[in-house]
2 protein chains.
Amino acid sequence: MNVRIGTRTQHFRTVTFNAATNRVVLVEQRLLPHEFKLVETRAYRETARAITDMVVRGAGAIGATAAYGLAQGARVFRGRDQKKFTAHVAQVFRTLKDARPTAVDPVNAMNKVLAAMGAGETVEEQQALALAAAEEFANEDVQHCEAIGRHGAKLIRNGMRVLTHCNAGWLAFVDIGSATAPMYAAQAQGKKFHVFCDETRPRSQGATLTAWELAQQGISHEVIADNAAGFLMSRGEIDLVIVGSDRTLGRTGEVSNKIGTYTKAVLAHRHGIPFYVAIPLSTIDWNLRSGRDIPIEERDAGEVLGAWGVISNPKSRILNSKPGKRAYVRVANPTSCARNPGFDVTPPELITGVITPKGIFRPRDLQKLASAE
Amino acid sequence: MNVRIGTRTQHFRTVTFNAATNRVVLVEQRLLPHEFKLVETRAYRETARAITDMVVRGAGAIGATAAYGLAQGARVFRGRDQKKFTAHVAQVFRTLKDARPTAVDPVNAMNKVLAAMGAGETVEEQQALALAAAEEFANEDVQHCEAIGRHGAKLIRNGMRVLTHCNAGWLAFVDIGSATAPMYAAQAQGKKFHVFCDETRPRSQGATLTAWELAQQGISHEVIADNAAGFLMSRGEIDLVIVGSDRTLGRTGEVSNKIGTYTKAVLAHRHGIPFYVAIPLSTIDWNLRSGRDIPIEERDAGEVLGAWGVISNPKSRILNSKPGKRAYVRVANPTSCARNPGFDVTPPELITGVITPKGIFRPRDLQKLASAE
């Protein structure tokens, strides 16, 4: 999507690949919203570390990053020994898979790359097919998000107030995003609406990334504390909720997403507010039979005990455009520890619909898509 | 309660009065948990500002502060003109009342002081009665919290995991606290239990004040993001919720408390987890007929858009004991704004019981206490 750089507006993808240098090019998301910068990973282990360290995050973006990372890793192999090459590729696969154990997208994306490589007869052919498949994965990710936007935009009517949680925007995909796709499509159709961005502690991706995206795109929005949505719903100030998902179980309709999503679904259900989950098909896990089986990352306690930001004056609403000094402040009592589960699971009875590139489905009807995959 | 100062443990109240200097002495709560310090207000307007600026916060503490502030203001009047004195006292009352429009405690506390003053015949007598009444209010606040502890401790069984929101601890009262009173009493009875402290964005009173209190008192606890309680409940990791209240409607059983309380009540209800509100009787509003009539403060957007803390290393779990440099970091996108409602309203059907100094009542049965007031 667009980024305002000085007086210009320039289009970027979150993840691209430079075939000449064999580098993955990523938007450095940890510097946003205070600074927009691209970084390049020189080797697949660096690409895996970028996923672990959340330089890049979000279902589609880490899928494409892993796909490119697998191609990147495959392409550094020298020689013609098919057995050694296969072992090398398996090692690259494992490294990228282990970078984020909760997510299913890297595995799905890399499986597509592996399948494409199967058509090659020589190591060289397979290396070329790996890159072509990764590029295709990235392009399809964009097309899927465009399709989510077409279907989801129908849900947004003029004057609506839409709540979203975390960042399932273009920064979480290769472009356009899932939860934001209906918003960008509705904006393109000339509709006026307002978005509440849940702050999304402890990493605050709503306050930082989603708010930044919407501001770049000129969409009316406000940040709210994660505690505030219940109150706003009780006062009739939220009409629609759209969130993304890191993993959706195709068999059960259960949705795993950023911690706090489940809470918003429970609140929306109580208030009769439609709650939608927007996902590309690659996010669907067709294997697991229960949300209980989804591994939930317990992340570093420091995330909960403090916050990252730019040192500034609390009274100034609009900051100077040049980035200030980034710092981590310890907020919590210095002698206390924290629990920090990264994700939660929302059951299908709390979900009005799942917006996919193939249309909007009730969560229990996702099975119908199994053949489409 | 106790504060560890070096190797000693010393007892403090949150609010006291120095009659010789006519100053209100307050624990400077905005420096906690990083620094423990007392501040003194020299005049009633300064006392009101301390309430507005949240040097002191919490139902009982601001009640006692307002009571002392009214006595402080009354005591600076020079002369014998009863009419002028009455007008002066009314001015002091208004100033202290306007310091926090949502709270009912300052008004209830000051009404008690005013009523006691009515027995005095001269200005001097009324000034003395004002101070005596303020002292009595503070002592009664402590006794009420002790009684809440006696009744509430029965709810806490060995091995329980208790969730609390915001800070309704001794820092929110003159001593002991409301939501924490059952915990401190259960601890004194030798029970072992664990407390989850909701961070309580945007001001993070759970992560800062409640965690600090529990650490000083040696109670097992962890801080969690406000987003995490729903997940922990869904995994059976929370057995009991106890929160405080800034205003409870005696006629309807509706509970106004820190933003996010309503959300926790909705979640607890869904999971069949007992949800208790602990309050002294002074927090009960007998006038309002609907929670809709409770004014909800819209606080500064800067609270949501950033965080206050001490600049430090995110990887260190236990910080150096000497306080570091306090700073405000802007977390959110610099060009975005925020909504910041400070409180919400929880309906009686979501509340298992209200723990009062007179026993535990169902919220709709609070009417029975009307005659006790």
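Once a new chain begins, its residue numbering starts again from 1 and follows that chain's sequence as written. Note on labels: chains are lettered from A, ligands numbered from 1, in written order. Confidence filtering applies because this is a predicted model: local features only for residues at pLDDT of at least 70, side-chain atom pairs given and counted only at 80 or more, and all residues used for totals across whole chains, interfaces and linings. Side-chain descriptors were evaluated using all non-hydrogen atoms of the structure, hydrogens and water having been removed beforehand.

1. Some thoughts on the overall build of chain A
Secondary structure is summarised from DSSP: a helix means a run of H or I of at least four residues, a strand means a run of E of at least two, and numbering begins at the N terminus for each. Each helix and strand in chain A was counted, giving 10 helices and 19 strands. A radius of gyration in this sense is built from C-alpha atoms; the matching globule rule multiplies 2.2 Å by the number of residues raised to 0.38. Over its C-alpha atoms chain A spans a radius of gyration of 20 Å, differing by no more than 12% from the 21 Å that the globule rule assigns to 373 residues. Expressed along its principal axes, the backbone C-alpha trace of chain A runs to roughly 65 × 50 × 45 Å. Each residue is assigned to one of three classes by its accessible area relative to the maximum for its type, calculated with a 1.4 Å probe on protein chains only: buried under 20%, partly exposed between the two thresholds, exposed over 50%. Considering chain A as a whole, with its 373 residues, one finds that 64% of them fall into the buried category. The contacts of chain A with a sequence gap of at least 6 include a subset with a gap of at least 24, amounting to 75%. All accessible areas in this document rest on Shrake-Rupley with a 1.4 Å probe, and a residue is counted as covered only by the protein chains that are shown. If you sum the accessible surface of chain A, you get close to 13,700 Å²; carbon and sulfur atoms cover 49% of it. Across chain A, the 47 positively charged side chains and the 36 negatively charged ones have centroids separated by 3 Å. Should any heavy atoms of two residues lie within 4.5 Å, those residues are considered in contact. In this count, Lys and Arg are taken as positive residues and Asp and Glu as negative ones, while His and the chain termini are left out. Charged side chains are reduced to one point each, which is NZ for Lys, CZ for Arg, CG for Asp and CD for Glu.

2. Some remarks on the interface of chain A and chain B
Tallying the contact residues gives 78 residues for chain A and 78 residues for chain B. A quick way to say it: buried area is the sum, across both parts, of accessible area lost when two parts are put together, with a 1.4 Å probe. Between chain A and chain B, a total of about 6,500 Å² is buried, with carbon and sulfur atoms accounting for 57% of that surface. The term salt bridge refers to a side-chain nitrogen of Lys or Arg lying within 4 Å of a carboxyl oxygen of Asp or Glu. The tally of links between chain A and chain B comes to six salt bridges. Here R201 of chain A and E199 of chain B are joined by a salt bridge, their closest N and O atoms 2.6 Å apart. Two N or O atoms count as a polar contact when they lie within 3.5 Å, although within protein this holds only if one can serve as hydrogen donor and the other as acceptor, and sequence-adjacent residues are included solely when both atoms are side-chain atoms. On inspection of chain A and its partner chain B, the count reaches 35 residue pairs in polar contact (both at pLDDT 80 or more). Per element, the largest residue contribution to the side of chain A that touches chain B is seven residues, and it comes from helix α9 (residues 261-271) of chain A. Note on residue categories: nonpolar means Ala, Val, Leu, Ile, Met, Phe, Trp, Tyr, Cys or Pro, charged means Asp, Glu, Lys or Arg, and polar means any other residue, Gly included. Tallied by class, the residues present in the side of chain A that touches chain B amount to 41 nonpolar, 21 polar and 16 charged. As defined by bridge partners, strand β16 (residues 337-338) of chain A adjoins strand β8 (residues 221-224) of chain B across two bridges and the pair is classed as parallel. For two strands to be treated as a pair, DSSP must find no fewer than two bridges joining them.

3. Details of the relation of the copies chain A and chain B
Here chain A sits on chain B after a turn of 180° about the axis and a move of 0.0 Å along it, with an RMSD of 0.0 Å. Such values leave the two copies arranged in the relation of a two-fold axis. Only residues with pLDDT of at least 70 in both copies contribute their C-alpha atoms to the least-squares superposition of the copies.

4. Some thoughts on the packing of aromatic side chains
Stacked, tilted and edge-to-face are the three classes assigned to paired rings of Phe, Tyr and Trp, where Trp is represented by its six-membered ring and a pair needs centres within 6.5 Å; plane angles under 30 degrees give stacked, over 60 edge-to-face, the rest tilted. Counting across every chain of the model gives 12 aromatic pairs over all chains. The interplanar angle of 40° and the centroid separation of 6.3 Å between the aromatic rings of W170 of chain A and W212 of chain A together place this pair among those described as tilted. Taken together, the positions of W170 of chain A in the loop between β6 (161-164) and α6 (181-188) and W212 of chain A in helix α7 (residues 205-217) put the pair 42 residues apart, joining distant regions of the chain. For the residue pair W170 of chain A and W212 of chain A, the accessibility class agrees, reading buried in each case. Their ring planes at 65° and their centres at 5.2 Å tell us that F77 of chain B and F85 of chain B sit as a pair that is edge-to-face. Grouping residues by exposure puts F77 of chain B and F85 of chain B together as buried.

5. Here we look at the confidence of the model for chain A
pLDDT: the predictor's confidence for each residue, scored from 0 to 100. Looking at chain A as a whole, the pLDDT averages 94, with 97% of positions reaching at least 70. Complex prediction metrics read pTM 0.90 and ipTM 0.90.

6. So, the pattern of salt bridges
Evaluated as defined, the whole model comprises 36 salt bridges over all chains. The shortest N-O distance in the salt bridge between R161 of chain A and D239 of chain A comes to 3.0 Å. Here the residue R161 of chain A occupies a position in strand β6, and D239 of chain A occupies one in the loop between α8 (229-234) and β9 (240-243), the gap between them amounting to 78 residues. Across the pair E297 of chain B and R299 of chain B runs a salt bridge whose closest N-O atoms are separated by 3.1 Å. Residues participating in the shared-partner salt-bridge network are R100, R203, E297, R299 and E303 of chain A.

7. Observations regarding the sheet that holds strand β11 (residues 255-258) of chain A
Residues and elements named next belong to chain A. The mixed open sheet is built from four strands, whose spatial order is β13-β10-β11-β17. The open sheet is flanked by β13 (284-285) and β17 (343-346), the only strands paired with a single partner. Sheet topology places strand β10 (residues 247-249) next to β13; two bridges connect them, and they run parallel. The partner of T248 across the bridge, within β13, is I284.

8. Some remarks on the packing of helix α1 (residues 44-52) of chain A against helix α2 (residues 59-75) of chain A
Residues and elements named next belong to chain A. Taken N-terminus to C-terminus, the directions of α1 and α2 make an angle of 165°; their axes are 9 Å apart at the nearest point. With respect to each other, α1 and α2 are oriented roughly antiparallel. Judged by the sense of rotation from one axis to the other, the crossing of α1 with α2 is left-handed. Contacts from Y44, T47 and I51 in α1 reach I62, T65, A66, G69, Q72 and G73 in α2. Within the contact of α1 with α2, the residues separate by chemical class into four nonpolar, five polar and no charged. To get an axis, a line is fitted to the C-alpha atoms, and for a helix only the part in contact is used. The angle between two axes follows their N-to-C directions and goes from 0 to 180 degrees. Any angle from 65 to 115 degrees is called roughly perpendicular, while one under 35 is roughly parallel, one over 145 is roughly antiparallel, and all others are oblique. By definition, turning the near helix anticlockwise from the far helix through less than a right angle yields a left-handed crossing, and turning it clockwise yields a right-handed one.

9. Overview of the pairing of strand β8 (residues 221-224) of chain A
Residue and element names in this part refer to chain A. Because side chains alternate across β8, one face comprises the buried residues H221 and V223, and the other comprises E222 and I224, equally buried. For strand β7 (residues 194-198) and β8, the ladder comprises four bridges, and the chain directions are parallel. Looking across to β8, one finds that V195 is bridged to H221. Throughout, right-handed denotes a crossover for which the path from the first strand over the helix to the second runs clockwise when the strands point away from the viewer. Regarding topology, α7 serves as the crossover connection from β7 to the parallel β8, and that connection is right-handed.

10. Section: the sheet that holds strand β15 (residues 326-330) of chain A
As summarised here, the arrangement of the four strands in space is β14(A)-β15(A)-β14(B)-β15(B), forming a closed barrel in which the pairing is antiparallel. Taken over all neighbouring pairs, the strand axes of this sheet differ in orientation by 60° on average, direction set aside.

11. Overview of the packing of helix α4 (residues 105-117) of chain A against helix α5 (residues 123-152) of chain A
Residue and element names in this part refer to chain A. Where α4 meets α5, the axes come as close as 8 Å, and the angle between the chain directions of the two elements is 140°. For the element pair α4 / α5, the angle class is oblique. In this structure, α4 crosses over α5, and the sense of that crossing is right-handed. Here A109, K112, V113, A116 and M117 of α4 lie close against α5, whose contacting residues are Q126, L129, A130, A133, A134, F137 and E140. Here the residues of the contact of α4 with α5 sort into nine nonpolar, one polar and two charged.

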